[in-house]
Amino acid sequence: MLELYIGNKNYSSWSMRPWVLLRHFGIPFKEVMLRFDGFEPGSAFKQAASQLAPTAKVPVLVHGDLVVWDTLAIAEYLAEYADEHFPEHALWPRNQAARARARSLCAEMHAGFGALRQACPMNVEAALPEVGARVLAEQPAVAADLARIVAMWSGALAASGGPFLFGGFTIADAYYAPVVARLRSYALPVPPAVGGYLDRVWASPGVAAWVADALAEHDFLAFEEPYRQHR
Ligand SMILES: N[C@@H](CCC(=O)N[C@@H](CS)C(=O)NCC(=O)O)C(=O)O
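Here we summarise the structure given alongside this text. Everything quoted here is computed from the prediction, not taken from an experiment.

Concerning the overall build of the protein chain
Looking only at helices and strands, the protein chain features 10 helices and 4 strands. On C-alpha atoms alone, the protein chain measures out to a radius of gyration of 17 Å, which is about the 17 Å that the 2.2 N^0.38 rule sets for 231 residues. Based on the C-alpha atoms only, the size of the protein chain along its principal axes is roughly 50 × 45 × 30 Å. Counting across all 231 residues of the protein chain, residues that qualify as buried make up 52%. A sequence separation of at least 24 residues applies to 70% of the contacts in the protein chain between residues at least 6 apart. Working note: accessible area of the protein chain is about 10100 Å², and carbon and sulfur atoms make up 56% of it. Counting 19 positive and 23 negative side-chain charges, the protein chain places the averaged centre of each group 4 Å from the other.

Have a look at this one:
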């Protein structure tokens, strides 16, 4: 049985990606939450996470004796696992060129969009449109990240015909699901075609299940909240 170690669902954008992927495709797994009490070396989270993987971060996938950390490595392992055990599901696009493009998009997310991530941390339950408007006006790097995301999604949707970036839901959509959450929470403006994509991602089964759990969490963590004082 696959075991996926994750953080708080309201806040942990990296944990969201592999969880959504597994849930979307109905691949059975056991979820283990390591609550974020803090990221200092002495925190319970860091102590537990450091027992699992050298990075002491989540997500971590454990499969028997194998430990896989870092989201991209986990996504690749899950794609191979699905090829073997659930061949009816394509976690990456089946077309080679589309698969290469999907990997490019995921790598770009993995290494980039620092300004957006910093200014608009994921907070599923929060509605912070005034913060979104302010950071967009005051931080050109956030506006540049948003413009690149809009161009990326518009291009992929036009090329594939949708409903998701590469037609059916793939790792690329799971990778950008936390960005969809941010655009919604901070009400960052997008053109209508991209707005439709946000709605489809939000309604997709894995994402909807994660969001429902995040909304039920009720665990306000002040160190994850640059803008709110309370829920
Ligand atoms: N590159 C890692 C990043 C993982 C990451 O930063 N996870 C956050 C939670 S969303 C974490 O565990 N943070 C703890 C810390 O920074 O000490 C990945 O792709 O999995």
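Regarding the site of the ligand
In the vicinity of the ligand there are 13 residues, among which Lys46, Val58, Asp70, Thr71 and His110 approach most closely. In this structure, a nitrogen atom belonging to the ligand sits 2.8 Å away from a main-chain N or O atom of valine 58. One of the side-chain nitrogen or oxygen atoms of aspartate 70 is found 3.1 Å away from a nitrogen atom of the ligand. Within the complex, 81% of the 510 Å² of free accessible area of the ligand lies under protein. A breakdown of the residues in the shell around the ligand according to their chemical character gives 6 nonpolar, 4 polar and 3 charged.

Considering the pattern of salt bridges
The full count for this structure, using the stated rule, is 9 salt bridges. Close ionic contact of aspartate 213 with lysine 9 constitutes a salt bridge, the shortest N to O distance being 2.6 Å. Of the two residues, aspartate 213 sits in helix H10 (residues 205–217) while lysine 9 sits in the loop between strand E1 (2–6) and helix H1 (13–24), which places them 204 residues apart along the sequence. The salt bridge partner of glutamate 225 is arginine 228, with a shortest N-O separation of 2.8 Å. A relative accessible area of 15% places arginine 228 in the buried class.

Some details on the sheet that holds strand E3 (residues 60–63)
Strand order in this open sheet of 4 strands is E2-E1-E3-E4, and the pairing throughout is mixed. With partners counted over all chains shown, the strands left at the sheet margins are strand E2 (29–33) and strand E4 (66–69), one partner each. Along the sheet, successive strands turn relative to each other by an average axial angle of 20°, direction set aside. Here E1 runs beside E3; their pairing, made up of 4 bridges, is antiparallel.

Brief notes about unusual backbone geometry
In this chain, valine 58 is followed by proline 59 through a cis amide linkage whose omega measures 10°. Omega for the bond connecting glycine 162 with proline 163 falls within 30 degrees of zero, at 5°, which places this linkage in the cis form. As for its position among the elements, proline 163 is in the loop between helix H7 (140–160) and helix H8 (171–185). For alanine 56, which is not glycine, the phi dihedral falls at a positive 55°. Relative to the helices and strands, alanine 56 is located in the loop between helix H2 (44–52) and E3. With a phi angle near 50°, alanine 187 is a residue other than glycine that sits in the positive phi range. If you trace the backbone, alanine 187 turns up in the loop between H8 and helix H9 (192–203).

Calculation notes
- Residues numbered from 1 in each chain as written.
- Predicted model: local features only at pLDDT ≥ 70, side-chain atom pairs only at ≥ 80, totals over all residues.
- Heavy atoms only, no water.
- Helix = DSSP H or I, 4+ residues; strand = E, 2+ residues; numbered from the N terminus.
- Rg over C-alpha atoms; globule rule 2.2 N^0.38 Å.
- Buried < 20%, exposed > 50% of the residue type's maximum accessible area, 1.4 Å probe, protein only.
- Contact = heavy atoms within 4.5 Å.
- Areas by Shrake-Rupley, 256 points an atom, 1.4 Å probe, with all protein chains shown as cover.
- Lys, Arg positive; Asp, Glu negative; His and termini not counted.
- Charge placed at Lys NZ, Arg CZ, Asp CG, Glu CD.
- Near = heavy atom within 4 Å.
- Polar contact = N/O pair within 3.5 Å; in protein donor to acceptor, adjacent residues only side chain to side chain.
- Nonpolar A, V, L, I, M, F, W, Y, C, P; charged D, E, K, R; others polar.
- Salt bridge = Lys/Arg side-chain N within 4 Å of Asp/Glu carboxyl O.
- Pairing = 2+ DSSP bridges.
- Axes fitted to C-alpha atoms, helices over the stretch in contact; angles between N-to-C directions.

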